[in-house]
2 protein chains.
Amino acid sequence: MKNNPIVLCLILLLAGCASQPAALRGSGDLGVVIERAAGRVEIVDTSKNAILTKVSGLGDLSHASAVFSRDGRYAYVFGRDGAISKVDLLTGTLVKRVVQAGNSIGGAISQDGKLLVAQNYEPGGIKAFDAQTLDLLADIPAYYGQEGKRSKVVGLADLPGNRFAYALFDAGEIRITDLSDPAHPQTQKFAAGKQPYDGLVTPDGRYYLAGLFGEDGLALLDTWKPEQGVRKILSGYGRGEQPLPVYKMPHLRGWAVAGNKIYLPAIGHHEILVVDTRSWQEIDRIPVKSQPVFVMARPDGREIWANFAFPDNGYVQIIDTLRDQVMETIEPGRAVLHLEFTPRGESVWISARDDNKVTVYDTRTHRPTATLSAESPSGIFFTSRAARIGF
Amino acid sequence: MKNNPIVLCLILLLAGCASQPAALRGSGDLGVVIERAAGRVEIVDTSKNAILTKVSGLGDLSHASAVFSRDGRYAYVFGRDGAISKVDLLTGTLVKRVVQAGNSIGGAISQDGKLLVAQNYEPGGIKAFDAQTLDLLADIPAYYGQEGKRSKVVGLADLPGNRFAYALFDAGEIRITDLSDPAHPQTQKFAAGKQPYDGLVTPDGRYYLAGLFGEDGLALLDTWKPEQGVRKILSGYGRGEQPLPVYKMPHLRGWAVAGNKIYLPAIGHHEILVVDTRSWQEIDRIPVKSQPVFVMARPDGREIWANFAFPDNGYVQIIDTLRDQVMETIEPGRAVLHLEFTPRGESVWISARDDNKVTVYDTRTHRPTATLSAESPSGIFFTSRAARIGF
């Protein structure tokens, strides 16, 4: 029987079946949850609120973030150790991993999806890679001053036209690099203020804002009118006058734009600042439970959800943007590190690191609808980011 | 040799290969082009600017539109003949087709992706279907007045919370139906003005606007403050005073929101109206080549692209939103019916019905980068719509 060709044939057929690819499925409702301590990501399905599989071997994932390929099939995970890991969400495999720096703080993907850009602390600068192969295409050191020093880079965000905006912590600059021809990057430099520590672009890609750690205010660049240079806004909002100790640097990528208002964490204060995007003046301050870290708008802008620094990192507060008041306080677990809304905002996923869980909330009722287990979960990222500007 | 088991085995293996599903791929860069006369759609890839396959048997596709499943795998095509066709973009097959009305004018999908809603002229009303099975879940006739008459429904748009806003052409009303429990739909009614002919919601899902054919102005409903009712805006913009003959009803879904401004076709005029979304007052009028039909914002809001009614339907004009002036006029072919931007706006696809082609333009250079053949193409729809509010 061993040599029976029919049996052989069946074995071959079965082998063929076994090596068939994963089942066909759309990628629009997928995402990753970072398991920071395990160097692993969970691949999740936001339609079924389910974990599909886990992918390991991604290295040091403390402070990790992710962007997605244009087709939504691949996640690119940027690790603190300077590695970029390309994960296939459909097959649940690690396709490639390259270590491109000693200390990295995230990345972005170009408007056309062809370039992946990493922002590095050490050595300071940005690097561009082919999104398909992860081959290095451009190395742009963040040199500044006379002695060829290199600055840490923070606040990297994609702009239309395969351009990228970012800030130089040590140099006090905002830079925009045009990578539409990666072999000949063009960089514009703008004096920004002392120690920009993070940045964001508005959802239309027009305004780039950098938070300043070294002075009392923020730096604003209108990328449609770069010739006007950087404008200082919110000078004297309180960062400088006897600031509270800062337990955790707020994440400005978490700044929330809702209608004509931007909501941002007041560094060191138990407040969220409300800024009018027409005048760029502060129009309100909302007292909150503690020092806010992520301040995120529900996609329709009707609510803002915020988490807090230690020791109040077990709370999330929900703010009504019509009244600019806290309407509800929830407790999603110990050490809430991140939250991510589903593409059209019916749900929000919240990670609680020290409870090893991710909770899905219905944003209409503010009640949990599902709980998923995860080992020390931190960042949560959904593929819908691939279709947005400034992530 | 015929009876050789090894050959048999190879044949079986090949058969196995042939019956394998389509190759795995992400769905984030897919879309459909309506071939209106052929009752067919092309499935296209916006990363490669390529036609992947064609799917036929969809019926009367004049004035057809499409929405997408939450995962981006399926397109739901709404035909003028009242049919909904569910097309699998990954396998290139027609999964199901139901005829649900005699005369239909498009549809929408709920925030959570579970409900598909059609807006019907005949019989007038909306109907909700299970997005997976296309089973009817709710039938909501648009009754009005004393005699149980039914109005044509236009301008259907999804709102957060599985609600839908739409307008009743004959009844002069805007209605919002809450379908969060499809077995018990809840409908609110608002007097809107004479003959609303189309509508849209702003990208955040807050404001619903209906164009009025029967009077000189538009109806605005703030869905965050529905108790305030409908407010008439732009009264006297010119619709009423000796209007030009209207060659083609403008599509308000084409209204463009860029920053704090809405750009909308001035019905009957060779103008685009610019409206400030803070005051809802007209702040400018941009003279254009002819009567505008679709007035679309590039996703970053930096440019507006508009096409025109017959006999000027061979032109597209590009407007700079900083200066609110036409900056370029292009000729993408005869009978330009629609245009669709790629998710982050690096390209725009433009259909030219009478030249049987779709041209892809680079939005930075305004030059064509690819041309695809299509038989009498009309609407173009990309899967990124699945992640947006109000489509």
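Values in this document were obtained by computation on a predicted structure and should not be read as measured data. (Residues numbered from 1 in each chain as written. Chains lettered and ligands numbered in written order. Predicted model: local features only at pLDDT ≥ 70, side-chain atom pairs only at ≥ 80, totals over all residues. Heavy atoms only, no water.)

Caption draft 1: Summary view of the overall build of chain A. Helix and strand counts for chain A come out as one helix and 34 strands. Here the C-alpha radius of gyration of chain A, 22 Å, is about what a compact globule of 391 residues would show, namely 21 Å. For chain A, the C-alpha atoms occupy an extent of roughly 85 × 50 × 30 Å along the three principal directions. The buried share of chain A, reckoned over its 391 residues, is 61%. In chain A, of all internal contacts separated by at least 6 residues, the share reaching a separation of at least 24 is 42%. For chain A, the accessible surface area stands at approximately 14,500 Å², while carbon and sulfur atoms represent 49% of it. Distance between charge centres in chain A, computed from 43 positive and 43 negative side chains, equals 2 Å. (Helix = DSSP H or I, 4+ residues; strand = E, 2+ residues; numbered from the N terminus. Rg over C-alpha atoms; globule rule 2.2 N^0.38 Å. Buried < 20%, exposed > 50% of the residue type's maximum accessible area, 1.4 Å probe, protein only. Contact = heavy atoms within 4.5 Å. Areas by Shrake-Rupley, 256 points an atom, 1.4 Å probe, with all protein chains shown as cover. Lys, Arg positive; Asp, Glu negative; His and termini not counted. Charge placed at Lys NZ, Arg CZ, Asp CG, Glu CD.)

Caption draft 2: Representation of the sheet that holds strand β27 (residues 303–308) of chain A in the model. Residues and elements named next belong to chain A. A sheet is described by the order of its strands in space; here four strands give the open sequence β26-β27-β28-β29, paired in antiparallel fashion. Edge positions in the sheet fall to β26 (292–297) and β29 (325–330), since each has one partner strand and no second. Neighbouring strand axes in the sheet, compared pairwise and without regard to direction, differ in orientation by 25° on average. Sheet topology places β26 next to β27; four bridges connect them, and they run antiparallel. Within the sheet, the bridge partner assigned to A297 lies in β27 and is I304. (Pairing = 2+ DSSP bridges. Axes fitted to C-alpha atoms, helices over the stretch in contact; angles between N-to-C directions.)

Caption draft 3: Quick look at the relation of the copies chain B and chain A. Superposition of chain B onto chain A requires a rotation of 180° combined with a translation of 0.0 Å along the rotation axis, giving an RMSD of 0.0 Å. One copy is carried onto the other by what is essentially a two-fold rotation axis. When the interface residues of chain B are mapped onto chain A, 100% of them again fall at the interface, so both copies present the same face. (Least-squares fit on C-alpha atoms with pLDDT ≥ 70 in both.)

Caption draft 4: Focus on the environment of G31 of chain B. Residues and elements named next belong to chain B. Counting through the fold element by element, G31 comes out in strand β1 (residues 30–35). The class of G31 is buried, set by a relative accessible area of 0%. Residues G31 and G106, 75 residues apart in the sequence, show an inter-C-alpha distance of 17 Å. Setting aside its immediate chain neighbours within four residues, G31 contacts E42, I43, V44, F381, F382 and T383.

Caption draft 5: Representation of the pairing of strand β14 (residues 153–159) of chain A within the structure. All names here are of chain A. Within β14, seven of the seven residues are buried, which leaves the element mostly enclosed by the surrounding structure. Direction of pairing for β14 relative to strand β15 (residues 163–168): antiparallel, over a ladder of five bridges. The residue of β15 that forms the bridge with V153 is L168. Turn length for the β14-β15 hairpin, with the two strands adjacent in sequence and antiparallel, is three residues, and the turn residue G161 shows positive phi of about 80°.

Caption draft 6: Expanded view of the sheet that holds strand β23 (residues 261–265) of chain A. Residue and element names in this part refer to chain A. Strand order in this open sheet of four strands is β22-β23-β24-β25, and the pairing throughout is antiparallel. Each having just a single partner strand, β22 (256–258) and β25 (282–287) make up the two edges of the open sheet. Across the sheet, the mean angle separating the axes of adjacent strands is 25° when strand polarity is ignored. Where strand β24 (residues 271–276) lies against β25, five bridges are found, and the strand directions are antiparallel. Each bridged residue has a counterpart across the sheet, and for I272 the counterpart in β25 is I286.

Caption draft 7: Layout of the side chain of D222 of chain B. Residues and elements named next belong to chain B. One can find D222 in strand β20 (residues 218–222). Its relative accessible area of 10% is what places D222 among the buried residues. Reaching out from D222, the side chain makes a polar contact with the backbone nitrogen of W224 at a distance of 3.0 Å. When neighbours within four sequence positions are excluded, D222 is seen to be in contact with R206 and Y207. (Polar contact = N/O pair within 3.5 Å; in protein donor to acceptor, adjacent residues only side chain to side chain.)

Caption draft 8: Here's a closer look at the interface of chain B and chain A. The interface of chain B with chain A comprises 56 residues on the first partner and 56 residues on the second. For the pair chain B and chain A, the summed buried surface comes to about 4,800 Å²; carbon and sulfur atoms form 56% of the total. Area buried by chain B at its contact with chain A is led by L24, R70 and R344 of chain B, which between them contribute 21% of it. Between the two partners, chain B and chain A, sit six salt bridges. The greatest single-element share of the side of chain B that touches chain A, amounting to six residues, is contributed by helix α1 (residues 5–18) of chain B. In the side of chain B that touches chain A, the residues fall into 20 nonpolar, 17 polar and 19 charged. (Buried area = accessible area lost by both parts, 1.4 Å probe. Salt bridge = Lys/Arg side-chain N within 4 Å of Asp/Glu carboxyl O. Nonpolar A, V, L, I, M, F, W, Y, C, P; charged D, E, K, R; others polar.)

Caption draft 9: Up close: the packing of aromatic side chains. Applying the stated criterion across every chain yields a total of 10 aromatic pairs over all chains. Geometrically, the ring pair formed by Y197 of chain A and F213 of chain A is edge-to-face, given 6.3 Å between the ring centres and 75° between the ring planes. With Y197 of chain A in strand β18 (residues 196–201) and F213 of chain A in the loop between β19 (207–212) and β20 (218–222), this residue pair connects regions lying 16 residues apart in the sequence. Judged by relative accessible area, Y197 of chain A falls into the buried class, the value being 10%. Overall, the relative accessible area of 26% leaves F213 of chain A in the partly exposed class. Across the ring face of Y121 of chain A, the terminal group of K152 of chain A is positioned such that the distance to the ring centre comes to 5.8 Å. A cation over a ring is seen here: R302 of chain B above W224 of chain A, with NZ or CZ 5.0 Å from the ring centre. (Phe/Tyr/Trp six-rings, centres within 6.5 Å; stacked < 30°, edge-to-face > 60°. Lys NZ or Arg CZ within 6 Å of the ring centre and 35° of its normal.)

Caption draft 10: Region of the structure containing the pairing of strand β9 (residues 115–122) of chain A. All names here are of chain A. Within β9, seven of the eight residues are buried, which leaves it mostly tucked inside the rest of the structure. Turn length for the strand β8 (residues 103–109)-β9 hairpin, with the two strands adjacent in sequence and antiparallel, is five residues, and the turn residue G113 shows positive phi of about 75°. Judged from the six bridges that link them, β9 and strand β10 (residues 125–130) form a sheet pairing that is antiparallel. Directly across from V117, in β10, lies its bridge partner A128. Connecting the antiparallel pair β9 and β10 is a turn made up of two residues.

Caption draft 11: Layout of the nonpolar core. If you look at the biggest cluster of nonpolar residues, it comprises 38 residues, and the most contacted ones within it are V41 of chain A together with V41 of chain B. Leave out the neighbours within four places in its chain, and V41 of chain B touches V32, V33, I34, E35, T53, K54, V55, L58, L61, V77 and V87 of chain B. (Core = buried A, V, L, I, M, F, W, Y, C linked by side-chain atoms within 4.5 Å.)

Caption draft 12: Summary view of unusual backbone geometry. Following F310 of chain A, the chain continues into P311 of chain A via a peptide bond in cis, with omega recorded as 5°. Secondary-structure assignment places P311 of chain A in the loop between β27 and β28 (316–320). Phi at H366 of chain B is positive, roughly 65°, even though this residue is not glycine. Structurally, H366 of chain B can be placed in the loop between β32 (357–362) and β33 (367–373).

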